[in-house]
Amino acid sequence: MRRSIAAALTALAGLVVLVDLAIANPALSGFAGWLNQLLVLLAAGAGVAGALMLVVRHVARLARREDQLGSVAVLLGIGLVLLPGLAPGSTGADAPAVRWVVAALLAPLIAAVLALLFPLMLVAAARGLRIRPRETALMLTAAAAVLILLLPIGGQVGSWLTATAAWVRDVPIAAVFRGLLIGVAATGALTAARILLGSDASYD
Amino acid sequence: MTESRDQQDADKAPELPEPPKAPEQAGEPETIDRAEPLETSEAGETPPAEERLRRGTRLSPAVRAGIPALALMILLAIASFIPGIDLTASGSDAAAVRDLEAVVTGLPGGAPVLVDMDGDLGTYPEIRYATRAALADLLRQGANLAIVSFSPEGRAIAVAEIARLRGLGAGPDRLLDLGFRSGGEAALVQLAGSGIGPNPTGPLADALRKNGVGSFRLALVIGGADIGPRSWVEQVQPRVPDLPIAAITPSFLLPEVLPYRGSGQLIALVGTLPADLAYGKQVAAKGAAFGPGTFTDRTPNSGAIVFGMLVAIAVLLASSGGSLAGWARAAWSGARS
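Keep in mind that this is a model prediction, so the values were computed, not measured. (Residues numbered from 1 in each chain as written. Chains lettered and ligands numbered in written order. Predicted model: local features only at pLDDT ≥ 70, side-chain atom pairs only at ≥ 80, totals over all residues. Heavy atoms only, no water.)

Attention now goes to the overall build of chain B. Secondary structure summary: chain B contains 12 helices and six strands in total. Relative to its full complement of 337 residues, chain B shows a buried share of 45%. Of all intrachain contacts in chain B linking residues separated by at least 6 positions in sequence, the fraction that spans at least 24 positions is 73%. Taken as a whole, chain B presents about 16000 Å² of accessible surface, with 59% of it coming from carbon and sulfur. (Helix = DSSP H or I, 4+ residues; strand = E, 2+ residues; numbered from the N terminus. Buried < 20%, exposed > 50% of the residue type's maximum accessible area, 1.4 Å probe, protein only. Contact = heavy atoms within 4.5 Å. Areas by Shrake-Rupley, 256 points an atom, 1.4 Å probe, with all protein chains shown as cover.)

All names here are of chain B. The biggest cluster of nonpolar side chains holds 49 residues, and the ones touching the most others in it are V115, L138, L145, I248 and Y279. Non-local contacts of L145, meaning those with residues more than four positions away in its chain, are made with V113, V115, L135, L138, L139, R174, L175, L176 and L204. The next biggest cluster of nonpolar side chains, apart from the first, holds 31 residues, and it includes A219, I227, L254 and L269. (Core = buried A, V, L, I, M, F, W, Y, C linked by side-chain atoms within 4.5 Å.)

Another point: a nonpolar patch on the surface. Residue and element names in this part refer to chain A. A cluster of nonpolar side chains, namely V72, L76, L80, V81, L105, L106 and L109, defines an oily patch on the protein surface of about 560 Å² accessible area. Elements with a contribution of two residues or more to the nonpolar patch: α3 (68-86) and α4 (96-115). The element best represented in the nonpolar patch is α3, accounting for four residues. In this structure L106 comes out as partly exposed when scored by relative accessible area, which is 32%. (Patch = residues over 30% accessible without salt bridge, like charges linked within 9 Å, V, L, I, M, F, W, Y side chains within 5 Å. Salt bridge = Lys/Arg side-chain N within 4 Å of Asp/Glu carboxyl O.)

A word on the sheet that holds strand β2 (residues 144-149) of chain B. All names here are of chain B. In spatial order, the strands read β3-β2-β1-β4-β5-β6; together these six strands make up an open sheet with parallel pairing. Pairing within the sheet leaves two strands with one partner each, and these edge strands are β3 (175-180) and β6 (268-270). Geometrically, the sheet is characterised by an average inter-axis angle of 15 degrees between neighbouring strands, direction not taken into account. Across five bridges, the pairing between β2 and β3 is parallel. Bridging across to β3, L145 finds its partner in L175. Those strands touched by helix α4 (residues 91-105) are β4 (218-222), β5 (245-248) and β6, and its axis lies near 130 degrees from that of β6. (Pairing = 2+ DSSP bridges. Axes fitted to C-alpha atoms, helices over the stretch in contact; angles between N-to-C directions.)

To continue, consider the packing of aromatic side chains. Residues and elements named next belong to chain B. Taken as a whole, this structure holds two aromatic pairs over all chains when the rule is applied. With 5.3 Å between their ring centres and 50 degrees between their planes, Y129 and F295 make a pair best called tilted. With Y129 in helix α5 (residues 124-140) and F295 in the loop between α11 (273-286) and α12 (302-336), this pair connects stretches of sequence that are 166 residues apart. (Phe/Tyr/Trp six-rings, centres within 6.5 Å; stacked < 30°, edge-to-face > 60°.)

The subject of this paragraph is α12 of chain B. Residues and elements named next belong to chain B. Here α12 spans 47 Å end to end across 35 residues, near enough to the 51 Å set by a 1.5 Å rise per residue. Maximum bend of α12: about 35 degrees, positioned at G321. When α12 is considered as a whole, its buried residues turn out to be S302, G303, A304, V306, G308, M309, V311, A312, I313, L316, S320 and L324. (Expected span 1.5 Å × (residues − 1). Bend = angle between axes of the 7 residues up to and from the residue.)

To continue, consider helix α9 (residues 229-236) of chain B. Summarising burial for α9 of chain B: six of the eight residues are buried, a large majority. Buried residues along α9 of chain B sit against β1 (112-117), α7 (185-194), β4, β5 and α10 (254-262) of chain B.

Across the boundary between the two partners, chain B contributes 48 residues, which contact 41 residues of chain A. Across the interface of chain B and chain A, roughly 3700 Å² is buried in total on both sides, 76% from carbon and sulfur atoms. At the junction of chain B with chain A, the criterion picks out zero salt bridges. Our count for the contact surface shared by chain B and chain A stands at two residue pairs in polar contact (both at pLDDT 80 or more). Among the secondary structure elements, those contributing two or more residues to the side of chain B that touches chain A are α4, α6 (152-167), β3, α7, α10 and α12 of chain B. (Buried area = accessible area lost by both parts, 1.4 Å probe. Polar contact = N/O pair within 3.5 Å; in protein donor to acceptor, adjacent residues only side chain to side chain.)

A few words on the pairing of β2 of chain B. Residues and elements named next belong to chain B. In terms of burial, β2 is largely enclosed, as six of its six residues are buried. Here β2 shows a buried face lined by N144, A146 and V148 and a second buried face lined by L145, I147 and S149. Pairing analysis gives five bridges linking β1 to β2, with the strands arranged parallel. Counted as the bridge partner of P112 is N144 from β2. With α5 bridging β1 and its parallel neighbour β2, the resulting β-α-β unit is right-handed. (Right-handed = clockwise from strand over helix to strand, strands pointing away.)

Attention shifts here to the confidence of the model for chain A. Looking at chain A as a whole, its pLDDT mean stands at 83, while 96% of the residues score no less than 70. Predicted confidence in chain A is weakest over helix α5 (residues 117-131) of chain A, with a mean pLDDT of 79, and strongest over helix α2 (residues 26-63) of chain A, with 90. (pLDDT = per-residue confidence, 0-100.)

The next thing to look at is the pattern of salt bridges. Using the criterion set out here, one finds 14 salt bridges over all chains in the structure. With a closest N to O distance of 3.6 Å, D67 of chain A and R61 of chain A form a salt bridge. A salt bridge links E161 of chain B to R164 of chain B; the nearest nitrogen and oxygen atoms lie 2.9 Å apart. Remark: R164 of chain B and E161 of chain B occur in helix α6; sequence separation between them is three residues, near one turn of the helix. Several salt bridges share partner residues, and in doing so they unite E101, D137, R140 and K286 of chain B into one network.

With respect to the helices and strands, S182 of chain B occurs in the loop between β3 and α7. Judged by relative accessible area, which is 29%, S182 of chain B ranks as partly exposed. Sequence separation between S182 of chain B and P152 of chain B is 30 residues; the distance between their C-alpha atoms is 8.5 Å. If we ignore the near neighbours within four places in the chain, the residues touching S182 of chain B are V40 and A44 of chain A together with A187 of chain B.

The subject of this paragraph is the pairing of β5 of chain B. All names here are of chain B. Neither face of β5 is open: one carries I245 and A247, the other A246 and I248, and all of them are buried. Both β4 and β5 contribute to a ladder of four bridges, which runs parallel. When the sheet's bridge partners are listed, I222 is paired in β5 with I248. As judged from the three bridges shared by β5 and β6, these two strands associate in the parallel manner. Residue A246 lies in a different strand from β6, and its bridge partner there is A268. Once the chain exits β5 it traverses α10 before rejoining the sheet at β6, and the crossover so formed is right-handed.

See below:
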């Protein structure tokens, strides 16, 4: 019974959104918009629940005296981002203090972490060469070849490299991506059809 | 200091186990096989003990990992002073630049333009130059911008760009901050269906609220991994078919979004560094001397980029070349036998 209710609700929601795309009807459009709003709320709720779980987990670690420095850093970071937005008189996410925290703290921190991508990729390549030497070597050689094609060399050689790089991007790489996208779309359509027809295994 | 002490120790063979370290030497790196008794050797040969000690004076792993990174940073900093190397724009790059220019130039004065700022902080530096050029070009053309983000990182970028444009004199009548909308693609659908919502204020917000999303003359998508041109084509275009979509994306997204440009679902797509540079230079040449349309950003230093590419190529080939050669040798001998 529980399975049938969940399957029916899911199928109904999916069909409403699907039919709304095909038929211009104000009432249906309003209902589809309401369902979409529920989805947005669900995503926001998941975000809040995730943050709460993070706080609970790190408070518990602090209580157990495990990795205190890391837990304090996480809790402090959460507080620094949340407090300016929740403080009395604040306008929420658009408050100047929140903007400052985002621009002066969050953005540089994320950018600093991502700046490590280059050395981390080199370390990953070294590990890959130890674990699967042939496959990794082939992959790295291909990466080096693409980089060589993108080198800004002047003259006739440079023009040839640029043209080849554009061809590699537009033909073989694009073909692989299109194949992937078509595969993802087909799988998505199949999964959606199974959900709408109530034959998805996730209800069992 | 460590090496000279070790060298002296190594010369005195046979050797007794070392006495405990002095307090000032306690922080020095540990030598390997320190506890084993050292061996004697004949004259003229490299003593095994010396060999071990030489190997044992290696720096700690953290220092060994840090030295190349530091060296790379210093070299990149030096390379950033190298004067520009022209990044050659291919024919498709030049066409992409022409497309975007034509789209912006074709906008009437006062046209509302929706800008989706959803780049990633990791890849945004690649498209920052072109993005700022596009914003300056739109404002110089007289367009009114409404900036929205659907990802937290995009919001961080938007906050910085809005502050920069406000500093250049873009008032609330020209620049509207639609803020961050949580929910990813569902929020995108919500924007397409319900419009900008009740929160934004100001004359531009009032006009947009009255006429709905369909009143935008263009959507400029600054794409990233979470939300990009693909999401816009899939979620917004079916709901607002009259809204033209142009995009600036990092090059890693190009294979995914190029088909949309080919099919005409995107009316312009700038996505490679040479195209970004070419577009920015054109905007800089015609940009306003002051005001929100000013575009005076320095071009990204191609010298440092090329240097980084050369380092990467060298490392990749040095690390993989040996394995590939061995593999090829083994395959060749296998085929012959």
